[in-house]
Amino acid sequence: MERLTQKEIIERFDNPWVSSYKRILTLTDNKEETVELIEYHPCPTGSQWMINQYQKTSPLVIKAIKEANKHIYTLKKGKVDMELKPSLKAAGIQEVEIKDNEIRITHAGLAGAGVGAARCRGKAEGITGVELYDKGGGSKIGKATIITPKLTKIIIGVDDTDTKEEGATWTLANNIAQTIEDKKIAYYLDHITCQLYPKNPNKTQNCVSIALVFAVKEENKEKLIQTFKKILKETTLSDKTTMVIQEGFTTPKNLKQYAIEAKKSMKTVKEAQEIAKNNDIRIEYITGKEGIIGAVAAIGLYNDIIEAAKIYSDE
């Protein structure tokens, strides 16, 4: 076994049949019982084959989904023995370890899957090192431990940034999030538009709120929040703007239920405040309090994009 840096992997394996993963990120929460592995696959729409293989081969994989070229794996910590079989169980995760401020994930695969495990991932943005056991290729096994910084997930909900004359909450939120990434404060993972109650008499027009998802190092969490808050205060057009912040993976049932209710009926600021308080959601009133209603709802549905976009209407 030898430990290589990303630069060393790039220099050593400059082959026409080694495709670099774009980015690899690993997140955990305060309990450190599970890990969310996010990989941006080399191919434009990713690989459903890889998703299927990892779920079949490794008992450490709790869940695996593909969003275009973004592969998202929910993993449990531990180490397992994998019996790799061509076609049937050709690739998987052998070990998931959290050590200090690093997360170490050991991949193994046969043939092309082995090249992906040992060399393609080693070229990705976001990694700090690779422990290379077998480089794979042809009919051989490839095996490597990919080492990445430990990140945490921050979800920011935003609502009421526009007026009836101008503005758009979804674009403003997206632009702020992209600025956060450009400044290298955090990784911008996702943007979710949450449809709210269409018959709300106070709406600007379409009545939607926004949830933004970030992966961030522990030491940058407050910088992320304060930078977002500052830019939002400088750019909002509304006197009702609120942002809310939640950390972690899971969405409590009462929070999701509130969000669904906010899509079907009117909600009050007081109701939103109570839900936020009961779920340790941080509130930042930017120019007013009314935006908390939609901002909390967006957080409640950040990981259910189908429900977030759904319209409840009798029309």
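Given the structure is predicted, the values throughout are model-derived calculations rather than measurements.

Parameters and conventions
Residues numbered from 1 in each chain as written. Predicted model: local features only at pLDDT ≥ 70, side-chain atom pairs only at ≥ 80, totals over all residues. Heavy atoms only, no water. Helix = DSSP H or I, 4+ residues; strand = E, 2+ residues; numbered from the N terminus. Contact = heavy atoms within 4.5 Å. Buried < 20%, exposed > 50% of the residue type's maximum accessible area, 1.4 Å probe, protein only. Polar contact = N/O pair within 3.5 Å; in protein donor to acceptor, adjacent residues only side chain to side chain. Phe/Tyr/Trp six-rings, centres within 6.5 Å; stacked < 30°, edge-to-face > 60°. Lys NZ or Arg CZ within 6 Å of the ring centre and 35° of its normal. 1 Å grid on protein atoms, 1.4 Å probe; cavity = no way out; pocket = protein on both sides within 12 Å on 5 of 7 lines; lining within 4 Å. Points joined across faces, edges and corners; volume = space filled by probe spheres on them. Axes fitted to C-alpha atoms, helices over the stretch in contact; angles between N-to-C directions. Parallel < 35°, antiparallel > 145°, perpendicular 65-115°, else oblique. Left-handed = near helix turned anticlockwise from the far one by under 90°. Arc of directions from axis to C-beta. Core = buried A, V, L, I, M, F, W, Y, C linked by side-chain atoms within 4.5 Å. Salt bridge = Lys/Arg side-chain N within 4 Å of Asp/Glu carboxyl O.

**With respect to the side chain of Thr-227**
Then, in step 1: Looking at the element boundaries, Thr-227 is found in helix α5 (residues 221-235).
Then, in step 2: Non-local contacts of Thr-227, meaning those with residues more than four positions away in its chain, are made with Ile-180, Lys-183 and Ile-185.

**Quick word on the side chain of Thr-241**
Then, in step 1: Position of Thr-241 among the secondary structure elements: in the loop between α5 and β13 (242-247).
Then, in step 2: Judged by relative accessible area, Thr-241 falls into the buried class, the value being 0%.
Then, in step 3: Here Asp-160 takes part through its backbone oxygen, which lies 2.5 Å from a polar atom of the side chain of Thr-241.
Then, in step 4: Among all residues touching Thr-241, those that are not within four sequence positions of it are Asp-159, Asp-160, Thr-161, Leu-232, Thr-236, Tyr-285, Ile-286, Thr-287 and Gly-288.

**As for the packing of aromatic side chains**
Then, in step 1: Taken as a whole and judged by the stated rule, the model has three aromatic pairs.
Then, in step 2: With a centroid separation of 5.2 Å and 35° between ring planes, the pair formed by Tyr-54 and Tyr-73 is classed as tilted. With Tyr-54 in helix α2 (residues 48-57) and Tyr-73 in strand β5 (residues 70-76), the pair connects residues that are 19 residues apart, well separated along the chain.
Then, in step 3: Relative accessible area serves as the criterion here: at 0%, Tyr-73 is assigned to the buried category.
Then, in step 4: Ring centres of Phe-214 and Phe-228 lie 6.4 Å apart, and the angle between their planes is 80°; on these two criteria the pair is classed as edge-to-face. Placement of Phe-214 in strand β12 (residues 208-216) and of Phe-228 in helix α5 is noted, with a sequence separation of 14 residues between them. Neither residue differs from the other here; Phe-214 and Phe-228 are each classed as buried.
Then, in step 5: The residue whose ring lies beneath Lys-264 is Tyr-312, and the NZ or CZ to ring-centre distance is 4.7 Å.

**A closer look at the layout of surface pockets**
Then, in step 1: If you add up the space inside the second largest pocket, you get close to 590 Å³.
Then, in step 2: Residue lining of the second largest pocket: 22 residues in total, with Glu-36, Lys-63, Lys-153, Tyr-302 and Asn-303 positioned closest to the centre.
Then, in step 3: Within the residue set of the lining of the second largest pocket, elements represented by two or more residues are β3 (34-40), β4 (61-67), β5, β11 (187-195) and α9 (305-309).
Then, in step 4: Here the lining of the second largest pocket gets five residues from one element, more than from any other, and that element is β4.

**Description of the environment of Gly-92**
Then, in step 1: As for its placement among the helices and strands, Gly-92 is situated in strand β7 (residues 91-99).
Then, in step 2: Considered as a pair, Gly-92 and Pro-59 are 33 residues apart in the sequence and their alpha carbons are 9.0 Å apart.

**Observations concerning the packing of helix α6 (residues 253-264) against helix α7 (residues 269-278)**
Then, in step 1: Direction vectors running N to C along α6 and α7 enclose 160°, while the axes themselves pass 10 Å from each other. Relative to α7, α6 is oriented roughly antiparallel. Helix-helix and strand crossings are classified by hand; for α6 and α7 the assignment is left-handed. Note on element contacts: α7 touches α6 through Glu-271, Ala-272, Ile-275 and Asn-278, opposite Asn-254, Leu-255 and Tyr-258.

**Focus: α7**
Then, in step 1: Those residues of α7 lying buried are Ala-272, Ile-275 and Ala-276. Looking down the long axis of α7, one finds its buried residues gathered within 100° of arc, a one-sided arrangement. Among the exposed residues of α7, those oriented more than 90 degrees off its buried face are Lys-270, Lys-277 and Asn-278.
Then, in step 2: Among the structural elements, α6, β14 (282-285) and α8 (292-300) are those in contact with the buried residues of α7.
Then, in step 3: Of the residues flanking the end of α7, it is Asp-280, one or two places downstream, whose phi is positive at about 55°.

**Concerning the nonpolar core**
Then, in step 1: Among the nonpolar cores identified, the biggest contains 35 residues, and Leu-25, Leu-27, Ile-38, Leu-189, Val-244 and Val-296 are the most heavily contacted of them.
Then, in step 2: Listed by contribution, the elements that provide at least two residues to this core are β2 (23-28), β3, β10 (140-159), β11, β12, α6, α7 and α8.
Then, in step 3: Ranked by residue count, the leading element in this core is α8, at six residues.
Then, in step 4: Look past the residues within four positions of Val-244 in its chain and what remains in contact with it is Ile-155, Ile-156, Gly-157, Ile-281, Arg-282, Ile-283, Ile-292, Ala-295, Val-296 and Ile-299.
Then, in step 5: Counting 34 residues, the second largest nonpolar core, distinct from the first, contains Leu-60, Leu-84, Val-96 and Ile-98.

**Notes on the pattern of salt bridges**
Then, in step 1: As enumerated under the stated definition, the model contains 17 salt bridges in all.
Then, in step 2: Across the pair Glu-247 and Lys-221 runs a salt bridge whose closest N-O atoms are separated by 2.9 Å. With a gap of 26 residues between them, Glu-247 in strand β13 and Lys-221 in helix α5 connect regions that are remote in the sequence.
Then, in step 3: Look at Lys-221 and you get buried, because its relative accessible area is 16%.
Then, in step 4: Glu-234 serves as the salt-bridge partner of Lys-230, at 2.7 Å between the closest nitrogen and oxygen. Here Lys-230 and its partner Glu-234 are both found in helix α5, four residues apart, which amounts to about one turn of the helix. The same class applies to Lys-230 as to Glu-234, namely exposed.
Then, in step 5: Look at the salt bridges and you will find they share partners, linking Glu-222, Lys-229, Arg-282 and Glu-284 into a network.

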